[in-house]
Amino acid sequence: MLAAFACDPAQSRGRLYPQAPAPTRTEYQRDRDRIVHCTAFRRLVYKTQVFLNHEGDLFRTRLTHSLEVAQLGRSIARSLGLNEDLVEAIALAHDLGHTPFGHAGQDALNECMRQFGGFEHNLQSLRVVDQLEQRYPQFDGLNLTFETREGILKHCSNAHAQELDQSEPGGVARRFLDRSQPSLEAQLCNLADEIAYNAHDIDDGVRSGLITLEHLQEVALFDDFRRQTLAEYPHLHEKTQGRRLLYESIRRMLSAQVYDVIKATGHELEATLPRSADEARQMPALLRFGDEMRNKSQELKSFLLNRLYRHPQVLQTTGQARQVVRDLFDAYLAQPQEMADGFLARTDATRGANDESSTAARVVADYIAGMTDRFAGREHERLTGLKLL
Ligand code: MG
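Residues numbered from 1 in each chain as written. Predicted model: local features only at pLDDT ≥ 70, side-chain atom pairs only at ≥ 80, totals over all residues. Heavy atoms only, no water.

Moving on: the overall build of the protein. When helices and strands are counted, the protein shows 18 helices and zero strands. Against the compact-globule benchmark of 21 Å for 389 residues, the protein has a radius of gyration of 22 Å, which places it among compact chains. Overall, the C-alpha framework of the protein stretches about 70 × 55 × 35 Å when taken along its three principal axes. Across the 389 residues that make up the protein, the buried fraction comes to 54%. A sequence separation of at least 24 residues applies to 72% of the contacts in the protein between residues at least 6 apart. In the form shown here, the protein has an accessible surface area of approximately 18000 Å², with 49% of it arising from carbon and sulfur atoms. (Helix = DSSP H or I, 4+ residues; strand = E, 2+ residues; numbered from the N terminus. Rg over C-alpha atoms; globule rule 2.2 N^0.38 Å. Buried < 20%, exposed > 50% of the residue type's maximum accessible area, 1.4 Å probe, protein only. Contact = heavy atoms within 4.5 Å. Areas by Shrake-Rupley, 256 points an atom, 1.4 Å probe, with all protein chains shown as cover.)

The structure is reproduced here in structure tokens:
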């Protein structure tokens, strides 16, 4: 069923530590299973997507977001002849490196780490699966295949790419230096991520009351489907039917985006005819929206940025989240014994090294990045006596 340009698990570039094949599963199915069973994956349940975990039980978390990305990605992969298992593995792992408190947490940690090499969540997702998970007797991390790791490292600064390429020559960071593309499966996960969050942030935004169906009339991509739905089901005009109208409009919007990607990408693939996954990596990005959908998706993104992510109420909680992360960072750096044992041991191991302070800061960043919203709030209260979140 796989197209010539799909990643074939039998042709994988393999794992950092070679392992015998599994009897009943392909290499990418095995990656997916390792991800689902790891600790960082379970923590995604309690990590903020946009709304903090305690603000409501029905908002998306990083976990439900990742499941939605996997669903959309697999559905598109099936139509295009791409490898569904690889798409699923990348989608489920793509946010493993996210800090507590969403982007506010990540920005704050990045500021704290400025003089120590910074903090990037995509790079952190790779650190989680390569180093931080401790489940196997023989190696750190999950020892995933090259193709899954390639997809997880979605972005990376040039400085970090050079650093990574030194420790793994010609490895997953190479493409940022060569300016080539990742596999089509990895490209697909990026688009599925965008489709998923645009749609679920409308839903969560309306649920929170911070945006309304009236505000959404500014957004053509959504409003076309809202009007289409109302024309077919006039009873949804009633106020009590607002949620059904919202869900039906979102459903139509999602389908339209999925079909648009399949169609536009299908044209690209026909025009370029990549004969292998590697040939596709050397071409410009082939996974895409059509031009009109690209513009509409951009418009929706700007709307969400201005109306939701920068809403004063959202900014107020994110301000507190930043303070929690900054206070935790300072506290652990000054008193590493306050961290869990494994992290303290890693700090002790670096004593006397010439990059001691930056290594210690990295240990603290790893510790904080792994925290759930709830645990970070509790630790903050324990260490500072202040209850912020
Ligand atoms: Mg995501």
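That covers the picture; the talk isn't over yet.
What follows deals with unusual backbone geometry. Phi at asparagine 143 is positive, roughly 50°, even though this residue is not glycine. Here asparagine 143 lies in the loop between α6 (121-132) and α7 (146-152). The backbone phi angle of leucine 273 is positive, close to 45°, even though this residue is not glycine. Inspection of the secondary structure assignment puts leucine 273 in the loop between α12 (242-272) and α13 (277-281). Classification of leucine 273 as exposed rests on a relative accessible area of 58%.

Here we take up the coordination of the magnesium ion. Surrounding the magnesium ion are the protein donor atoms His65 (NE2), His94 (NE2), Asp95 (OD) and Asp193 (OD), which sit 2.1 to 2.7 Å from the metal. Donor residues for the magnesium ion sit on one chain with the sequence pattern H-x28-H-D-x97-D. Here the residue histidine 65 occupies a position in helix α3 (residues 62-80), and histidine 94 occupies one in the loop between α4 (84-93) and α5 (102-112), the gap between them amounting to 29 residues. Residue class for histidine 94 comes out buried when judged on its relative accessible area of 9%. (Donors = N, O, S within 2.8 Å, 3.2 Å for Na, K, Ca; no water.)

As a further point, take the nonpolar core. Within the largest apolar cluster, 85 residues are counted, with the highest numbers of intra-cluster contacts made by Ile35, Leu82, Leu96, Ile202 and Phe222. The greatest single-element share of this core, amounting to 11 residues, is contributed by helix α10 (residues 184-208). Residues within four places of isoleucine 202 in sequence aside, it is in contact with Ile211, Leu216, Phe222, Leu246, Ile250, Met253, Leu300 and Leu304. Counting 26 residues, the second largest nonpolar core, distinct from the first, contains Ala108, Leu328, Ala365 and Met371. (Core = buried A, V, L, I, M, F, W, Y, C linked by side-chain atoms within 4.5 Å.)

When the terminal C-alpha atoms of α12 are compared, their 45 Å separation across 31 residues agrees well with the 45 Å that a helix rising 1.5 Å per residue should span. Downstream of α12 by one or two residues, leucine 273 has phi in the positive range, about 45°. (Expected span 1.5 Å × (residues − 1).)

Now for the state of the cysteines. Throughout the structure, instances matching the rule amount to zero disulfides. In this structure cysteine 156 is not part of a disulfide, and its nearest cysteine sulfur, from cysteine 189, lies 18 Å away. Under the relative-accessibility criterion, cysteine 156 is labelled buried at 13%. No disulfide involves cysteine 189; its sulfur sits 11 Å from the nearest other cysteine sulfur, which is in cysteine 7. For cysteine 189, a relative accessible area of 6% puts it in the buried group. (Disulfide = S-S within 2.5 Å.)

Turning our attention to the packing of helix α15 (residues 312-334) against helix α18 (residues 373-384). Where α15 meets α18, the axes come as close as 10 Å, and the angle between the chain directions of the two elements is 55°. With respect to their mutual orientation, α15 and α18 come out oblique. The hand of the α15/α18 crossing is left-handed. Of α18, the residues touching α15 (which contributes Gln323, Val324, Asp327, Leu328, Ala331 and Tyr332) are Ala376, Glu379, His380, Leu383 and Thr384. Classifying every residue of the contact of α15 with α18 by side-chain character gives six nonpolar, three polar and two charged. (Axes fitted to C-alpha atoms, helices over the stretch in contact; angles between N-to-C directions. Parallel < 35°, antiparallel > 145°, perpendicular 65-115°, else oblique. Left-handed = near helix turned anticlockwise from the far one by under 90°. Nonpolar A, V, L, I, M, F, W, Y, C, P; charged D, E, K, R; others polar.)

Turning our attention to the environment of lysine 301. For lysine 301, the position within the fold is in helix α14 (residues 291-309). Taking the relative accessible area as the measure of exposure, lysine 301 reaches 25% and is therefore partly exposed. Separated by 54 residues in sequence, lysine 301 and aspartate 355 place their C-alpha atoms 41 Å apart. Setting aside residues no more than four positions away along its own chain, lysine 301 makes contact with Glu194, Tyr197 and Asn198.

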